[in-house]
Protein chains: 2
Amino acid sequence: MPAFVNLDKTTAFTALVQGSRPAPLSSLLNKERVESMEIPLGGGLRYNYASKFVDQSVLKALQALSDEVQSIEKYKLILSGETMNTGEGRKVLHHLCRGRLGGEVNFGGKELGAFYAGELSKIREFAESVRSGKLRSASGKAFDTVCQIGIGGSDLGPRALYLALEAYAREKGLLKLRAEFISNVDPDDANLVMSRIDPHTTLFILVSKSGTTQETLANETFVRKILEAKGVDPAKQMLAVTSETSPLAKNPNYMKSFYIDDFIGGRYSSTSAVGAVVLSLAFGPETFDAILKGAHEADKLALESDILKNPSLLDALLGVYERNVLGYPSTAILPYSQALSRFPAHLQQLDMESNGKQVNRDGSAITYSTGPVIFGEPGTNGQHSFFQLLHQGTDIVPLQFIGFKRAQTLFDVNVEGSSSQQKLKANLCAQIIAFAKGKQDANPTKNFPGARPSSLIWGESLSPEALGALLAHYENKVMFQGFIWNLNSFDQEGVQLGKVLTKQVLSGASNDTALQAYAGLLGL
Amino acid sequence: MPAFVNLDKTTAFTALVQGSRPAPLSSLLNKERVESMEIPLGGGLRYNYASKFVDQSVLKALQALSDEVQSIEKYKLILSGETMNTGEGRKVLHHLCRGRLGGEVNFGGKELGAFYAGELSKIREFAESVRSGKLRSASGKAFDTVCQIGIGGSDLGPRALYLALEAYAREKGLLKLRAEFISNVDPDDANLVMSRIDPHTTLFILVSKSGTTQETLANETFVRKILEAKGVDPAKQMLAVTSETSPLAKNPNYMKSFYIDDFIGGRYSSTSAVGAVVLSLAFGPETFDAILKGAHEADKLALESDILKNPSLLDALLGVYERNVLGYPSTAILPYSQALSRFPAHLQQLDMESNGKQVNRDGSAITYSTGPVIFGEPGTNGQHSFFQLLHQGTDIVPLQFIGFKRAQTLFDVNVEGSSSQQKLKANLCAQIIAFAKGKQDANPTKNFPGARPSSLIWGESLSPEALGALLAHYENKVMFQGFIWNLNSFDQEGVQLGKVLTKQVLSGASNDTALQAYAGLLGL
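A quick note: this is a predicted structure, and the numbers were derived from the prediction, not measured.

Draft legend 1. Focus on the overall build of chain A. Scanning chain A from N- to C-terminus turns up 18 helices and 15 strands. In summary, chain A has a C-alpha radius of gyration of 24 Å against a globular reference of 24 Å for 524 residues, a match within 12%. Principal-axis analysis of the C-alpha atoms places the extent of chain A at approximately 70 × 60 × 55 Å. Expressed as a percentage of the 524 residues in chain A, the buried residues total 67%. For chain A, the accessible surface area stands at approximately 16,300 Å², while carbon and sulfur atoms represent 50% of it. Counting 52 positive and 53 negative side-chain charges, chain A places the centres of these two groups 3 Å from one another.

Draft legend 2. Highlighting empty space enclosed by the protein. The full count for this structure, using the stated rule, is 17 cavities of 30 Å³ or more. Put simply, the largest cavity is a space of about 160 Å³. Along the walls of the largest cavity sit 16 residues, with Gln348(A), Gly376(A), Glu377(A), Gly376(B) and Glu377(B) positioned nearest its centre. For the lining of the largest cavity, the elements supplying multiple residues, two or more each, are α13 (343-355) of chain A together with α13 (343-355) of chain B. Residues of the lining of the largest cavity, tallied by class, amount to six nonpolar, six polar and four charged.

Draft legend 3. Focus on helix α5 (residues 71-80) of chain A. Residues and elements named next belong to chain A. Counting buried residues along α5, seven of its 10 residues qualify, which places the element largely inside the surrounding structure. Every buried residue belonging to α5 is among Ser71, Ile72, Lys74, Tyr75, Leu77, Ile78 and Leu79, and all of these are buried. Buried positions along α5 lie against α4 (56-69), α11 (285-301), α12 (311-325) and α16 (464-485). Residue Gly81 follows α5 closely and has a positive phi angle near 90 degrees.

Draft legend 4. Layout of helix α15 (residues 420-437) of chain A. All names here are of chain A. Spanning 18 residues, α15 covers 26 Å between terminal C-alpha atoms, matching the ideal 26 Å at 1.5 Å per step. Of all 18 residues that make up α15, 16 are buried, and the element is covered over most of its length. Looking at the residues trailing α15, positive phi occurs at Gly438, about 65 degrees.

Draft legend 5. Layout of the packing of α4(A) against α12(A). All names here are of chain A. Taken N-terminus to C-terminus, the directions of α4 and α12 make an angle of 105 degrees; their axes are 10 Å apart at the nearest point. As judged from the angle between their axes, α4 and α12 are roughly perpendicular. On α12, the residues touching Val58, Leu59, Leu62, Leu65 and Ser66 of α4 are Leu313, Leu314, Leu317, Leu318 and Tyr321.

Draft legend 6. Seen up close, the relation of the copies chain B and chain A. The transformation that overlays chain B on chain A combines an axial shift of 0.0 Å with a rotation of 180 degrees, and the residual RMSD is 0.0 Å. Interpreted geometrically, this transformation is the action of a two-fold axis. Using C-alpha coordinates, one finds that chain B approaches the rotation axis most closely at Phe375(B), a distance of 3.2 Å. Taken as a fraction of all interface residues of chain B, those also at the interface in chain A reach 100%, which identifies the copy contact as same-surface.

Draft legend 7. Structural detail: the packing of helix α17 (residues 496-507) of chain A against helix α15 (residues 420-437) of chain B. Where α17(A) contacts α15(B), the two axes come as close as 8 Å, and the packing angle between them is 125 degrees. By the criterion of interaxial angle, the relationship of α17(A) to α15(B) is oblique. With respect to the hand of their crossing, α17(A) and α15(B) are arranged in right-handed fashion. Note on element contacts: α15(B) touches α17(A) through Gln422(B), Lys423(B), Ala426(B), Asn427(B), Ala430(B), Gln431(B), Ile433(B) and Ala434(B), opposite Leu497(A), Gly498(A), Leu501(A), Thr502(A), Val505(A) and Leu506(A). The residue inventory of the contact of α17(A) with α15(B), partitioned by class, reads eight nonpolar, five polar and one charged.

Draft legend 8. Region of the structure containing the nonpolar core. Grouped together as the largest cluster of nonpolar side chains are 311 residues, with contacts concentrated most on Phe375(A), Leu390(A), Tyr518(A), Phe375(B), Leu390(B) and Tyr518(B). Setting aside anything within four residues of it in sequence, one finds Tyr518(A) in contact with Leu29(B), Val34(B), Asn48(B), Ala50(B), Ser51(B), Cys429(B), Ile432(B), Ile433(B) and Leu456(B).

Draft legend 9. Up close: unusual backbone geometry. Residues and elements named next belong to chain A. Of note, the amide linkage connecting Gly379 to Thr380 takes the cis form, showing an omega dihedral of 5 degrees. As for its placement among the helices and strands, Thr380 is situated in the loop between β11 (373-375) and α14 (387-392). Residue Gln70 is not a glycine yet carries a positive backbone phi of 55 degrees. The residue Gln70 is located in the loop between α4 and α5 in this model. Judged by its relative accessible area of 23%, Gln70 is partly exposed. Residues other than glycine seldom take positive phi values, yet Lys250 does so here, at roughly 45 degrees. Its location among the elements puts Lys250 in the loop between β8 (238-243) and β9 (256-260).

Draft legend 10. Quick peek at the pairing of strand β15 (residues 454-459) of chain A. All names here are of chain A. Where burial is concerned, most of β15 is hidden: six out of the six residues are buried. Side chains of β15 alternate between two faces, with Ser454, Leu456 and Trp458 and Ser455, Ile457 and Gly459 buried alike. Note: strand β2 (residues 45-48) against β15, three bridges, orientation antiparallel. Its bridge partner being in β15, Arg46 is matched across the sheet by Trp458.

Draft legend 11. A look at the packing of aromatic side chains. As enumerated under the stated definition, the model contains 32 aromatic pairs over all chains in all. Plain terms: the ring middles of Phe411(A) and Phe222(B) are 5.0 Å apart, the flat faces sit at 85 degrees to each other, and that makes the pair edge-to-face. Of this pair, Phe411(A) sits in the loop between β12 (399-404) and β13 (414-415) while Phe222(B) sits in helix α9 (residues 214-229), on two different chains. Seen in terms of ring centroids, Phe115(B) and Tyr116(B) are 5.5 Å apart; in terms of plane orientation they differ by 45 degrees. Their pairing is tilted. Both residues of the pair, Phe115(B) and Tyr116(B), belong to the buried class. One aromatic cluster is present, built from ring pairs that chain together Tyr336(A), Phe375(A), Phe386(A), Phe387(A), Phe401(A) and Phe435(A). Lys110(A) extends its terminal NZ or CZ atom over the ring of Phe115(A), reaching a point 3.7 Å from the ring centre.

Draft legend 12. Local environment of the sheet that holds β9(A). Residue and element names in this part refer to chain A. Taking strand neighbours across the sheet as the criterion, the five strands line up as β6-β5-β7-β8-β9 in an open arrangement whose pairing is parallel. Single-partner strands in this sheet number two, and they are β6 (178-182) and β9. Neighbour to neighbour, the strand axes of the sheet diverge by 20 degrees on average, direction disregarded. Where strand β5 (residues 145-149) lies against β6, five bridges are found, and the strand directions are parallel. Considered in β6, the bridge of Thr145 is made with Arg178. Seen against the sheet, helix α7 (residues 156-171) touches β5 and β6 and runs at an angle of roughly 155 degrees to β6.

Draft legend 13. The environment of Ile205(B), seen in detail. Residues and elements named next belong to chain B. One can find Ile205 in strand β7 (residues 202-207). When its relative accessible area of 0% is taken as the criterion, Ile205 is described as buried. As a C-alpha pair, Ile205 and Ile333 span 128 residues in sequence and 30 Å in three-dimensional space. Excluding anything up to four places from it in sequence, Ile205 contacts Val146, Cys147, Gln148, Ile149, Leu239, Val241, Val277, Val278 and Leu281.

Draft legend 14. Focus on the side chain of Asp351(B). Residue and element names in this part refer to chain B. As for its position among the elements, Asp351 is in helix α13. Among buried charged residues, Asp351 stands out as having no salt bridge; its nearest opposite-charge side chain is Lys477, 4.6 Å away. Discounting residues that sit within four places of it in the chain, Asp351 has contacts with Gly356, Pro372, Ile374, Val478 and Gln481.

Draft legend 15. Representation of the pattern of salt bridges within the structure. Residue and element names in this part refer to chain A. Here the structure, examined in full by the defined rule, presents 56 salt bridges over all chains. Between Glu35 and Lys31 there is a salt bridge whose closest N-O contact spans 3.4 Å. Residue Glu35 and its partner Lys31 are both found in helix α3 (residues 31-36); the two are separated by four residues, about one turn of the helix. On the basis of relative accessible area, Glu35 is assigned to the partly exposed category, the value being 45%. Judged by its relative accessible area of 36%, Lys31 is partly exposed. Notably, a salt bridge pairs Arg98 with Asp299, separated by 2.7 Å at the nearest N-O pair. Remark: Asp299 occurs in helix α11 and Arg98 occurs in the loop between α5 and β3 (106-107); sequence separation between them is 201 residues.

Rules of the game
- Residues numbered from 1 in each chain as written.
- Chains lettered and ligands numbered in written order.
- Predicted model: local features only at pLDDT ≥ 70, side-chain atom pairs only at ≥ 80, totals over all residues.
- Heavy atoms only, no water.
- Helix = DSSP H or I, 4+ residues; strand = E, 2+ residues; numbered from the N terminus.
- Rg over C-alpha atoms; globule rule 2.2 N^0.38 Å.
- Buried < 20%, exposed > 50% of the residue type's maximum accessible area, 1.4 Å probe, protein only.
- Areas by Shrake-Rupley, 256 points an atom, 1.4 Å probe, with all protein chains shown as cover.
- Lys, Arg positive; Asp, Glu negative; His and termini not counted.
- Charge placed at Lys NZ, Arg CZ, Asp CG, Glu CD.
- 1 Å grid on protein atoms, 1.4 Å probe; cavity = no way out; pocket = protein on both sides within 12 Å on 5 of 7 lines; lining within 4 Å.
- Points joined across faces, edges and corners; volume = space filled by probe spheres on them.
- Nonpolar A, V, L, I, M, F, W, Y, C, P; charged D, E, K, R; others polar.
- Contact = heavy atoms within 4.5 Å.
- Expected span 1.5 Å × (residues − 1).
- Axes fitted to C-alpha atoms, helices over the stretch in contact; angles between N-to-C directions.
- Parallel < 35°, antiparallel > 145°, perpendicular 65-115°, else oblique.
- Least-squares fit on C-alpha atoms with pLDDT ≥ 70 in both.
- Left-handed = near helix turned anticlockwise from the far one by under 90°.
- Core = buried A, V, L, I, M, F, W, Y, C linked by side-chain atoms within 4.5 Å.
- Pairing = 2+ DSSP bridges.
- Phe/Tyr/Trp six-rings, centres within 6.5 Å; stacked < 30°, edge-to-face > 60°.
- Lys NZ or Arg CZ within 6 Å of the ring centre and 35° of its normal.
- Salt bridge = Lys/Arg side-chain N within 4 Å of Asp/Glu carboxyl O.

Structure, rendered in structure tokens:
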């Protein structure tokens, strides 16, 4: 069993802090560096770290840190089905949804790799029958819309992936069912979504692992009432994705149920049935398979102990260097691809919910910084928004760029000698250099300090394989950072207190006068 | 003329830093505090700061700071048409779009209040003729969609406001034209939007103040080519919103043009023609008037020199206290209203582009922190995402909650004794208390440290008036923070370097080998 040690107790971290800092990026960054500091990431993507604030000496120290915390050994424990979600006493098995990298994982009389694969094959069959028009709505019409009802991991990941491939699938003629999502308990959310869909041609997917999520159950009732008022029998148009032990399982209120289990964390569930049903219905099972293939490729690369062959591990280490040595408090995700418009919101959950912790995996308080604030919007939009602060603000924000050689759609126009896709890419390259090198100007208002580090994930195009690899890259990055910070990245105790107090407000059981006063203001 | 002094040179700031800190929030926060620490904000909204980390002594010091930097005098200079965008030599006149609070503002032979009002009245007339079906498309059909082509301030603000009132307007039968937006130069953006609209019933609005924005002009050509291919004459279905001196003005390529001028900054342009055309077409001119009315109310409150009667000034000062005295590097915007789903993205631009600066208004370097990172998503969604870090992460992130007594839509359901709207509000109240007070637990994993300060803006419902007040509140907050930090909040020099380098990449003129290498990777 590898040792679990706090970051500040490692020899390698002390060495890293005491070691020398790299020369300024403006002096380091040249052609050779851009072309050499790059490694494959899976799904045809590559991870380029030429514009990170790093040199051979720092890389050597980061390798030593990775070795000392036994990153790869810990990842192997996850793959082998060890109880790595310690606080909740659970295995961590999202990798197993997309391929096997460890041995068999048995639990409760089942081999779980076979269980996940079995669910996937049922989903495939179901999606094909809907997409072919064999399975129709109660009114005999073909389904043209799928509406997922879920929140958090049951919403952000699947929604980000749907948006990421909507234009791609439309272009390739694969988009058979348009997807909608209802997540917020705010009735305005469900009312607006319901106002723009045809209940007679919409399939609903209720997603809740526990079957007890307050928002999701309220939205289920919401949708059922509307369907009933329109003469649609919800039991004939609503599926459940849940665990076999939840109240939603084997329940006649749903035309069909697909299963996950406690070992698939919400924010890691996009490659399980939680993402599989909606994405297979929308784009077809082959497209979903391709996502899994890309994710599995990234998972395999994450097994490399040489950090220069392991992009998610290297990304994790560089992030720790920026957070704990250089002291940068946030990180921006900047995809130069409109299809990735909600991918930063998914990563915000993935990262901040996993590593926004102040106790280690044994439950002891730690004194160093853990997960940063994560935010982002697509370029070039962000350039006309918050990039001002990134270039000339008083804090340095490390940047994660993502870009592609080709667009997902074919039609493009030439304006002033370049296509829109060329402009998009030229902006991306220009920004990396502007952030890294800055520009001296006699007028301080026009002075750019530079020294803003960034990485670039790039590839031919945002294909399903590339998307799967991108998703898994970040999941694995977050996992490795959790190992380095000695956290349990797989629980979320920080969401519990709000739930308890909410119930107290609704039942009138709270005797906190401030809470009562706030409730009074809002007419509760 | 008031004096412009750096924050660290003021007597009041030194006193604030040296002054005592308030007692812990968990001991301060009770019924009396919640009910008394609240002031009107305009549009029927109220600003509650009971859960801010503040006491009478800090409030007194903040009042002294506001007085010393002459906040109100500087605001009055803006209202009177002084050249307060110093670097660019421009007036700052967005307040004048929604009502007059200073005297006449003359420039270039025009009185600008009358100019803005005149454009608004042309827009009203035009919107009415489209909405009534009098003005129809070339094919004789009524318009049912309006598509805005613009980026940055021509996109984020109008889009956020459209989404904020879409469900409201639908419920009230006011939604005559659905709005779409094309912003990114990524061809996937325009292709996807164009694939879901009917070009024969869509009115396009091209928005660019200068008429030279690269992305917007590329997207214009993009749309024109598609329209022409479908037999639609773009000159009969495309409007321009621009300045009178731009190449788009008085141009036969557009069926009509509406004007703004250099004194309306992009991120402050939602209440000018930039927002007026699209929102008046979608919701009707009366709805837009109500937005202006709410904004004007907030602008009037911003004239109060007593910080306890001036919510945007108080919000600004509390933000400076959190940033420069307590040292918190970011701020989260958390609207408990799905309608405000993109409002945080608008505020991200507004705030970070205005105050993400490291030189003061005279162009001298400053050494204190200025604008924080701004991010956010609607609750309850955020609770199932990044709230983990907010509750138990190692950095404190000040929070800005927004909530309403009633939803915009009427249909709701009762599940387990409460409606969805009640659940939404109960969650909001519970979160404020959970963040402020935390909870001691023998198990450190379940321990909540509390001491996370938040404010709450609340009202009856998200009406157009409330939305206008909310918008202006944040504009004025950012303006006051700019005064306190002694910045020019109205330029954006930080966007220029990227533009220059992009042009070099596209023309092959760069001799930076690293830039060439990145361009090579991406196939440029």
